[in-house]
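Each chain, written out:
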Number of protein chains: 4
Amino acid sequence: MKIQAAVTPAQGEDFTIEKVTLAPPKLNEVLVRVVATGVCHTDAVARDLGISPYPIVLGHEGSGIVEQIGENVTSLEVGDHVVMSFAHCGQCENCLTGHPTVCSRFNELNFGGRMEDGTCRLHQGDTELSTFFGQSSFGTHVVAHERNVVKVDKDVDLALLGPLGCGIQTGAGTVLNRLKPAFGTSIAVYGCGAVGLSAIMAAKIAGCQQIFAIDVHESRLQLAGELGATHVLNGKEVDVVKEIKEASMGGTHYAVESTGVPPVVRQCLHALRPLGQAAIVGVTPEMNIDVHNDLMAEGKSMIGVIEGDSVPRVFIPKLVEFFKAGKFPFDKLVKFYRFDQINQAFEDSANGIAVKPVLRLA
Amino acid sequence: MKIQAAVTPAQGEDFTIEKVTLAPPKLNEVLVRVVATGVCHTDAVARDLGISPYPIVLGHEGSGIVEQIGENVTSLEVGDHVVMSFAHCGQCENCLTGHPTVCSRFNELNFGGRMEDGTCRLHQGDTELSTFFGQSSFGTHVVAHERNVVKVDKDVDLALLGPLGCGIQTGAGTVLNRLKPAFGTSIAVYGCGAVGLSAIMAAKIAGCQQIFAIDVHESRLQLAGELGATHVLNGKEVDVVKEIKEASMGGTHYAVESTGVPPVVRQCLHALRPLGQAAIVGVTPEMNIDVHNDLMAEGKSMIGVIEGDSVPRVFIPKLVEFFKAGKFPFDKLVKFYRFDQINQAFEDSANGIAVKPVLRLA
Amino acid sequence: MKIQAAVTPAQGEDFTIEKVTLAPPKLNEVLVRVVATGVCHTDAVARDLGISPYPIVLGHEGSGIVEQIGENVTSLEVGDHVVMSFAHCGQCENCLTGHPTVCSRFNELNFGGRMEDGTCRLHQGDTELSTFFGQSSFGTHVVAHERNVVKVDKDVDLALLGPLGCGIQTGAGTVLNRLKPAFGTSIAVYGCGAVGLSAIMAAKIAGCQQIFAIDVHESRLQLAGELGATHVLNGKEVDVVKEIKEASMGGTHYAVESTGVPPVVRQCLHALRPLGQAAIVGVTPEMNIDVHNDLMAEGKSMIGVIEGDSVPRVFIPKLVEFFKAGKFPFDKLVKFYRFDQINQAFEDSANGIAVKPVLRLA
Amino acid sequence: MKIQAAVTPAQGEDFTIEKVTLAPPKLNEVLVRVVATGVCHTDAVARDLGISPYPIVLGHEGSGIVEQIGENVTSLEVGDHVVMSFAHCGQCENCLTGHPTVCSRFNELNFGGRMEDGTCRLHQGDTELSTFFGQSSFGTHVVAHERNVVKVDKDVDLALLGPLGCGIQTGAGTVLNRLKPAFGTSIAVYGCGAVGLSAIMAAKIAGCQQIFAIDVHESRLQLAGELGATHVLNGKEVDVVKEIKEASMGGTHYAVESTGVPPVVRQCLHALRPLGQAAIVGVTPEMNIDVHNDLMAEGKSMIGVIEGDSVPRVFIPKLVEFFKAGKFPFDKLVKFYRFDQINQAFEDSANGIAVKPVLRLA
Ligand SMILES: [Zn+2]
Ligand SMILES: [Zn+2]
Ligand SMILES: [Zn+2]
Ligand SMILES: [Zn+2]
Ligand SMILES: [Zn+2]
Ligand SMILES: [Zn+2]
Ligand SMILES: [Zn+2]
Ligand SMILES: [Zn+2]
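Residues numbered from 1 in each chain as written. Chains lettered and ligands numbered in written order. Predicted model: local features only at pLDDT ≥ 70, side-chain atom pairs only at ≥ 80, totals over all residues. Heavy atoms only, no water.

An unreviewed UniProt entry lists chain A under the name Benzyl alcohol dehydrogenase, with Aromatoleum aromaticum as the source organism.

Right, dumping it as structure tokens:
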């Protein structure tokens, strides 16, 4: 079928919306009409840094409605409302034991440009277009494997839900699936973008006693406070480590680092108490770490977490339930754009004007 | 009373055995006649780098026999065979929940030079001598708080047991108390000194399927093999990361890094599989870490561990049981010295001639 | 000193308030002026069933102010506001690893009638009076070991806090320390007395998605709803198991059974989903259990929990913080009585007129 | 195709080997030539108690060689050596999070008599024959879903491996996947049949310090000793609870109850120490339990475990590795029979003559 998709023709180029061809779903795959799709930092990375082969249709936070099911699909029906998440093999040790975010084929299936069977579903004339995260949601329709298509409640505004498939589940899952804060503990969240703010909402759900939000933008800190932060700290204005250590009587039990900025990563470690755990979820470059003093001498940990260590088909429907109950108001992070505003949406995301841009496709 | 002790008069100076005065035990303290004491890398650090005030009597792996008990001591009797371990307050959140190695007063009580009540037990003339690790075991007698004095089985050669109080429990506890390897998993141990070899013996007890030992000395690798390593790798001769990844089908589930050498720390991270955990137990300087690629992208963790996260009064008697049963033959690491050979023992330790020197005092 | 205390002279007899003698605190003990004390079901059991030697001064949920400290007390000062909890030895494997509620000397120290050193602090003429739970809080003053005396925030009404030492921590700790509900899970709480209602408040803190409260008194169910239950079920009116299974899509992940009534215990097991865990905290007699069908066939567990598996000096101050923040409003359970109304308070507790009676002593 | 299968024509009747028709594998299914199959207690239950519809071909511990693969099979190839385990849906919350033994469709898929798609693969004339555990291994060939077909190492005698799919993994997994014994702990295993002896081998792998084996047959106790039990107790001759409590200084940390005999279940609870955990894996009838005294008063747990809480495709290959390494010598439990001796094998199993009968089919 013919669809409209935002093509990234080559490294670093702007998105151009074009007519492309989408092949029908194969075994265990479904065709989804995309209603909306989030814009995530990883899309910008893939546009600019060549982590997947070009030309490519990016987008990996799609939500939509199932229009057709391929052979052997048992978990989905035509008309289902769905969110699409990352691809994973379902067969490796980590997949089979409930950790698909560290699937042994994660990079190949999400960044390799092909579907699980090694073929493409998208073409432009004779040219194959790479698939991204097993979905390529920057298009009016996608074909995806049922394994990364999550059925969701129809009572919720479907256009909002796409970011649950990546950015939102990354922040929320890091807290709820991986750190699992013990009762009466404290957490510091560095960076109040979509990931950090989701971590803050999650920390509130988990009953953390103190939730520190750290950012350099007052507007984001204000939003952090509305979403559950008990203390907000502007990294430009205060001595973050000192403030946290004082208010938490010696440092926080947990931290979520989402900025990827080396001096902030170091603050994050310094402001932990003995035995504290820092989850690293930002894209961080090579940096200097004083391993003995910042980590070992007080039994601290740095824990890399991808996609919130979540099983999307289990975790995302629960997030939707908490959203419905008013306990996970991630809609406050969303700013809608028309599909043809895609380049603007990326710019606003990069400038901090939008926390979580979402493109409406239908 | 008058005792013989190896005094460190000032930073960087050799030990000199001198007659000093030891005050009697106060409330909850005991007087122990030292039978033997291990020599640990941290003693050399304290001798050379000024982490505790001089003059000081170092030594923190003492074993001996209780000669006198202070008021209010209920857990020990005169004649008990004991091992001395690190000091801790017993009152803070971490102590009360079974993690005394991250006691909030750990540094003060072990490196501050004073007993828990702020006074000294050792004097030389009018000069106060600092206490080390609440014991100062480089002397013929020590006074220690009952909290860090561990009663042990009398059927075992007491002269061997001192190192259980620090170096041996560090390696063994890191595996058995903190990493707790899941069934059928693999572990890599970097550095085959006393800590690393103890980790290897522990990994064998825990039933690890593959145990990789990495060092640059063939003699240590041979000992590693005798103690349970299933694969030994000389870091000077082979590509360690490549060998481990191949043999373990993608990297190990766990690692224990005991060398503190930055390039080895990086190897340790590279050779982990997705979701792998590296326990950091070596004294490591500031170093460059590629946080995204080496840690986050595959959900790996770096976990600082002190003293094996052990509760000495629980853990050490169990290690002794396994030693008695032939399953924890840490005696193979020990090389005995006379007390007056203390400077030689440190030299042999630094040169790698002795894995774990033990000074006999009685 | 002379104090007023409610003496239980013999099995099954009413309390009589009499003048008795209290010895001064010994080593590590403190003298506390009791401000108030909760009335717990275990007091009635001890009055009626001979589990401790008579004559005895019962009471084990005391709160008060430290008036005098014995030798060697370091964690408390005169004037401190305190809550008293259960006695434990502090030396056994379970105590040292953070599980004092299963101390190997628990029964001896709490029900044996003597302090830790084997002596009594209370006398009436020449007659020794047994101590209960290391405190005997049904008196104007008590002597207790610092280990079971918990310092609390002075900004809170001290008269309310005694029940944190037993009944409230039992319900809250069972959820927060032992079950630790995973995100998005469901829990059913059977019995809405002080323990059950505390479990409900805790489940709300922990972010449970569904909280079922089951009781046969509408007033208690209403209170349960105010405190956080999302579903309330009157066991006299509805088919509890059927309702829960439907609303929770197959049964709850967790349950807390506080009634001790065998048919309710069975309901509790039936209404769990596969892999579900039931914490047993009620005093339950011998009863018939269909081990295969009710437990094994779906991988369910029955978990006995005492005193919420809590470390009082860590857990109770945290509960106080949540109370201050309005998130743990256990004051709604409390009904105050004058000390001389003690027999009335017990009657009201037995009849269900009072959820948690508290006697004011000062 | 025509195959030979042992049909159970109706409740309680002997097996009769007959020629039946096997349909080819459908999507995601494979055809396996059965080399051997274990005989498990559950087969006898299904023969005698009507838990699945008759006529039926029982058998659920098959091993064999893949002869044909259905469409969409990616994890298996013709010629692969395989073990077949229980069926599970792969889609429910428990399956997706690594707990397929408590799959929400477990009973339907294993005992309902049909494959996952609701149809049968086996016929006798016009009569449908029920499938058992998604395999029906009492036949020369089976068709099974790739999800419950586990590829195994070809270097091992394939005829031995079938019991890994149920009885052996039940005992071993209960210890290694569910109880995960902490270092230096003790365990008691009640009943030394295939399940109990597998638990003993597993406890040895896990490094338990004390392993108590309890049975009433000396031959089984001797085998238990050979496989790793440190203490063997004949329940007819000694006071089991007293002996265990003495030798373990207060009771064991863990227990595995595989007899299903109520008085033994009670012993199992009595001989636990405070905080002890008893895994229940035997088929136990309704029985009296003193919930307060035997469970709650000392914080003990009863934990139902099915199929060792294992993920067969992860766990079974690891068991094979340990078998190859000589650390899991489950072959000592196996007694081989010809296929036409199937009724004899069941009789020998019931009489205790064979611990684990295995029928050779090829
Ligand atoms: Zn995978
Ligand atoms: Zn993303
Ligand atoms: Zn401490
Ligand atoms: Zn040391
Ligand atoms: Zn204790
Ligand atoms: Zn009570
Ligand atoms: Zn399932
Ligand atoms: Zn079976």
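**A few points about the overall build of chain A**
What counts here: Numbered from the N terminus, helices here are DSSP runs of H or I no shorter than four residues, and strands are runs of E no shorter than two. C-alpha atoms define the radius of gyration, and 2.2 Å times the number of residues to the power 0.38 defines the globule rule. The rule is simple: take the accessible area with a 1.4 Å probe, protein chains only, and divide by the maximum for that residue type; under 20% is buried, over 50% is exposed, in between is partly exposed. Note on definitions: a residue-residue contact is assigned when non-hydrogen atoms from the two residues lie within 4.5 Å. What sets the accessible areas is the Shrake-Rupley method with a 1.4 Å probe; for residues, cover comes only from the shown protein chains. As used throughout, the charge tally considers Lys and Arg to be positive and Asp and Glu to be negative, leaving His and the chain termini uncounted. Charge placement uses NZ in Lys and CZ in Arg. For Asp and Glu, CG and CD serve respectively.
Scanning chain A for helices and strands turns up 12 helices and 19 strands. Taking 2.2 N^0.38 as the reference for a compact globule, 362 residues should give roughly 21 Å; the C-alpha atoms of chain A span a radius of gyration of 20 Å, in line with that estimate. Considered along the principal axes of its C-alpha atoms, chain A spans approximately 60 × 40 × 35 Å. Buried positions account for 64% of the 362 residues belonging to chain A. Long-range contacts, defined here as pairs at least 24 residues apart, represent 68% of the contacts in chain A between residues at least 6 apart. Accessible surface, chain A: about 12,000 Å² in total, of which carbon and sulfur atoms supply 49%. Computing the positive centroid from 30 side-chain charges and the negative centroid from 40, chain A places the two 4 Å apart.

**Notes on the coordination of the zinc ion (ligand 7)**
Residues and elements named next belong to chain D. Applied cut-off: Water is absent from the atoms considered, so a metal site may look incomplete; donors are defined as N, O and S atoms within 2.8 Å of the metal, or 3.2 Å for Na, K and Ca. A four-donor site is called tetrahedral if each angle lies between 85 and 135 degrees; a four-donor site is square planar, and a six-donor site octahedral, when trans pairs exceed 155 degrees and the remaining angles lie between 65 and 115; all other cases are labelled irregular.
Here the zinc ion (ligand 7) is held by the protein donor atoms C89 (SG), C92 (SG), C95 (SG) and C103 (SG), which lie 2.3 to 2.4 Å from it. For the zinc ion (ligand 7), the 4 donor atoms in the first shell make angles of 102 to 118° at the metal, so the coordination geometry reads as tetrahedral. Each donor residue of the zinc ion (ligand 7) lies on the same chain, and together they follow the pattern C-x2-C-x2-C-x7-C. What makes C89 buried here is its relative accessible area of 4%.

**Some points on the coordination of the zinc ion (ligand 1)**
Each pair of donors in an ideal octahedron of six around a metal sits at 90 or 180 degrees, and each pair in an ideal tetrahedron of four sits at 109.5 degrees. All names here are of chain A. Protein ligation of the zinc ion (ligand 1) involves C89 (SG), C92 (SG), C95 (SG) and C103 (SG), the donor distances falling in the range 2.3 to 2.4 Å. Spacing between the donor residues of the zinc ion (ligand 1) along their common chain follows C-x2-C-x2-C-x7-C. For C95, a relative accessible area of 10% gives the class buried.

**Digging into the domain arrangement of chain A**
All names here are of chain A. Let me state the cut-off plainly: How far each domain reaches was decided by an automatic or database domain assignment. Put simply, buried area is the surface a 1.4 Å probe can reach on two separate parts but cannot reach once they are joined, added for both.
Domain annotation for chain A reports domain 1 (2-165 + 329-360) and domain 2 (171-305). Here the C-alpha centroids of domain 1 and domain 2 sit 29 Å apart. On the domain 2 side, the residues contacting the 8 residues of domain 1 number 8 residues. Of the roughly 700 Å² buried between domain 1 and domain 2 on both sides combined, carbon and sulfur atoms contribute 75%.

**Section: the relation of the copies chain C and chain D**
Definition in use: Residues below a pLDDT of 70 in either copy are left out; the C-alpha atoms of the rest, at least 70 in both, set the least-squares superposition of the copies.
For the pair chain C and chain D, the relating rotation is 180°, the translation along its axis is 0.0 Å, and the fit reaches an RMSD of 0.0 Å. Viewed as a symmetry operation, the transformation between the two copies matches a two-fold axis. Measuring from the rotation axis to each C-alpha of chain C, the shortest distance belongs to N288 of chain C, at 2.2 Å. Looking at the interface residues of chain C, 100% of them are also at the interface in chain D, so both copies use one shared face.

**So, the interface of chain A and chain B**
Selection rule: Any carboxyl oxygen of Asp or Glu that lies within 4 Å of a side-chain nitrogen of Lys or Arg is treated as forming a salt bridge with it. Amino acids outside the nonpolar list (Ala, Val, Leu, Ile, Met, Phe, Trp, Tyr, Cys, Pro) and the charged list (Asp, Glu, Lys, Arg) are all regarded as polar, and Gly is one of them. Paired strands, as defined in this entry, are two strands with at least two bridges between them according to DSSP.
Taken together, the contacts link 34 residues of chain A with 34 residues of chain B. Buried area between chain A and chain B, both sides added, is near 2,900 Å², and the carbon and sulfur share of it is 57%. Between chain A and chain B we count 0 salt bridges in total. Taken together, the elements giving at least two residues each to the side of chain A that touches chain B come down to α2 (93-96), β15 (272-280), β16 (286-290), α10 (291-295) and β17 (301-304) of chain A. The biggest single contributor to the side of chain A that touches chain B is β16 of chain A, with 5 residues. Split by residue class, the side of chain A that touches chain B holds 17 nonpolar, 10 polar and 7 charged. One ladder, built from 5 bridges, connects β16 of chain A with strand β16 (residues 286-290) of chain B; its direction is antiparallel. Bridge pairing in β16 of chain B links D290 of chain A to E286 of chain B.

**Observations regarding the interface of chain C and chain D**
Formally: Identification of polar contacts relies on pairs of N or O atoms within 3.5 Å, with a donor-acceptor requirement for protein atoms, meaning one able to donate a hydrogen and the other able to accept it, and with residues adjacent in sequence counted only if both atoms are side-chain atoms.
The interface of chain C with chain D comprises 34 residues on the first partner and 34 residues on the second. At the boundary of chain C with chain D, total buried surface from both sides reaches about 2,900 Å², with 57% on carbon and sulfur atoms. Counting the contacts that link chain C with chain D gives 0 salt bridges. If you look at where chain C meets chain D, you find 9 residue pairs in polar contact (both at pLDDT 80 or more). Those elements that provide at least two residues to the side of chain C that touches chain D are α2 (93-96), β15 (272-280), β16 (286-290), α9 (291-295) and β17 (301-304) of chain C. The element that contributes the greatest number of residues to the side of chain C that touches chain D is β16 of chain C, accounting for 5 residues. Here the side of chain C that touches chain D is built from residues that sort into 17 nonpolar, 10 polar and 7 charged.

**Considerations on the relation of the copies chain A and chain B**
For the match of chain A to chain B, the screw axis carries a shift of 0.0 Å, the RMSD comes to 0.0 Å, and the turn is 180°. Of the interface residues in chain A, 100% have counterparts in chain B that sit at the interface too, so the contact is made through matching surfaces.

**Some words on the sheet that holds strand β14 (residues 252-257) of chain A**
Applied cut-off: To get an axis, a line is fitted to the C-alpha atoms, and for a helix only the part in contact is used. The angle between two axes follows their N-to-C directions and goes from 0 to 180 degrees.
Strands sit in the order β13(A)-β12(A)-β11(A)-β14(A)-β15(A)-β17(A)-β17(B)-β15(B)-β14(B)-β11(B)-β12(B)-β13(B) across an open sheet of 12 strands; the sheet is mixed. Unpaired on one side and paired on the other, β13 (231-234) of chain A together with β13 (231-234) of chain B mark the two borders of the sheet. Averaged over all pairs of adjacent strands, the angle between their axes in this sheet comes to 20°, without regard to strand direction. Across 4 bridges, the pairing between strand β11 (residues 186-190) of chain B and strand β14 (residues 252-257) of chain B is parallel. Bridge assignment links V189 of chain B to a residue of β14 of chain B, and that residue is V256 of chain B. Relative to β15 of chain A, helix α9 (residues 262-270) of chain A is tilted by about 145°, and along the sheet it contacts β11 (186-190), β14, β15 and β17 of chain A.

**Focus: the UniProt feature "domain: Enoyl reductase (ER)" (unreviewed entry) in chain A**
We count it as follows: UniProt positions are given in the numbering used here, feature names are shortened, and annotations may be inferred rather than shown by experiment.
Sequence positions flagged by UniProt for "domain: Enoyl reductase (ER)" (unreviewed entry) are, in local numbering, residues 12-359 of chain A. Between the end C-alpha atoms of residues 12-359 of chain A there is a gap of 20 Å, over a span that is 30% helix and 27% strand.

**Digging into unusual backbone geometry**
In this structure, P55 of chain A follows Y54 of chain A across a cis peptide bond, with omega equal to -10°. The residue E307 of chain C is not glycine, and still its phi comes out positive at about 50°. As for its position among the elements, E307 of chain C is in the loop between β17 and α10 (312-324). Using a relative accessible area of 6% as the deciding quantity, one classes E307 of chain C as buried.

**Remarks on the environment of Q4 of chain D**
Residue and element names in this part refer to chain D. Inspection of the secondary structure puts Q4 in strand β1 (residues 2-8). Taking C-alpha positions, Q4 is 9.9 Å from F339, a pair spaced 335 residues apart along the chain. In this structure Q4 touches I17, E18, K19, G139, T140 and F339, once residues within four positions along its chain are discounted.

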